[in-house]
Amino acid sequence: MAKTNQSHTRGKEDGQASSSLWAKLRAFLAWGLQSELMRYLLAGVLTTLVNFLVLTLLGESFGYEKGKNLIFNSLAIVISILFAFWINRGFVFHSSGPLWPEFVSFFTSRILISLIFDNGFFALFYNVLGLQAKVPFFRVPWAKLIGAVFVVLANYLVGKFLVFRKQKN
């Protein structure tokens, strides 16, 4: 009978530990979602995944030959910018500003930043310097990942201070 009580007690302790861990995880997520920077990082990860997925599907289906790779990368950029606008407007910055002016400034700034950093680094590292090795799992060239780091930083600054800036009353 003692063994039954011990296993029953251990079951309660395991249940309490897992519910305690779950409560801590929920508290951490609630805290994280209160932080604009944390929401932006989550949105950035999702946007990057959309970008990488589109590029991977196109590149693996049709090849990454010089010329095609920048067209595929540009298509991935446009699709991910459309996704990013909606997630940044609603989830990250909670914007209630006028839709079309925000969209135009968001899209324009993101395209310019992406052409400079994403396509620029992709062309330089992949086409010119020959860095054609691919990131494991994502199957996108490392050149794409290098540009993505700079894109994320520039996009946050432009989104926060130019596109979704808070209106002064």
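Details of the structure are given in the entry above.
Residues numbered from 1 in each chain as written. Predicted model: local features only at pLDDT ≥ 70, side-chain atom pairs only at ≥ 80, totals over all residues. Heavy atoms only, no water.

Turning our attention to the side chain of N119. Residue placement: N119 occurs in helix α4 (residues 99-128). The exposure class assigned to N119 is buried, which follows from its relative accessible area of 10%. If we ignore the near neighbours within four places in the chain, the residues touching N119 are L70, N73, S74, I77 and S114. (Helix = DSSP H or I, 4+ residues; strand = E, 2+ residues; numbered from the N terminus. Buried < 20%, exposed > 50% of the residue type's maximum accessible area, 1.4 Å probe, protein only. Contact = heavy atoms within 4.5 Å.)

It is worth spelling out the nonpolar core at this point. Counting 18 residues, the largest nonpolar core has F93, F106 and F164 as the members making the most contacts within it. Put simply, the parts of the chain that give this core at least two residues each are α2 (36-62), α3 (68-92), α4 and α5 (142-163). The greatest single-element share of this core, amounting to six residues, is contributed by α3. With residues up to four places along the chain from it excluded, the contact list for F164 reads F85, N88, R89, F93, S95, E102, F106 and G159. With twelve residues, the next largest nonpolar core counts L55, F122, Y126 and V135 among its residues. (Core = buried A, V, L, I, M, F, W, Y, C linked by side-chain atoms within 4.5 Å.)

With that settled, consider the packing of α4 against α5. At a minimum axis separation of 9 Å, α4 and α5 run at an interaxial angle of 160°. By the criterion of interaxial angle, the relationship of α4 to α5 is roughly antiparallel. In the crossing of α4 with α5, the sense of the turn from one axis to the other is right-handed. Among the residues forming the contact of α4 with α5, the class breakdown is 14 nonpolar, five polar and four charged. (Axes fitted to C-alpha atoms, helices over the stretch in contact; angles between N-to-C directions. Parallel < 35°, antiparallel > 145°, perpendicular 65-115°, else oblique. Left-handed = near helix turned anticlockwise from the far one by under 90°. Nonpolar A, V, L, I, M, F, W, Y, C, P; charged D, E, K, R; others polar.)

A few words on the side chain of S80. By secondary structure assignment, the location of S80 is in helix α3. You can call S80 buried: its relative accessible area is 4%. S80 has contacts with T47, V50 and N51, leaving out every residue within four places of it along the chain.

Enumeration according to the criterion identifies 13 aromatic pairs in this entry. Aromatic side chains W100 and F103 sit 5.7 Å apart centroid to centroid with 85° between the ring planes, which places their arrangement in the edge-to-face category. You can see W100 and its partner F103 sitting in helix α4, three residues apart, about one turn around the helix. Plain terms: the ring middles of F103 and F107 are 5.7 Å apart, the flat faces sit at 25° to each other, and that makes the pair stacked. A residue pair is termed a helical-turn pair when its members lie 3 or 4 positions apart in one helix, as F103 and F107 do in helix α4 at four residues. For F107, a relative accessible area of 23% translates into the label partly exposed. When the ring centre of F161 is taken as origin, the NZ or CZ atom of K160, which lies over that ring, is 5.8 Å away. (Phe/Tyr/Trp six-rings, centres within 6.5 Å; stacked < 30°, edge-to-face > 60°. Lys NZ or Arg CZ within 6 Å of the ring centre and 35° of its normal.)

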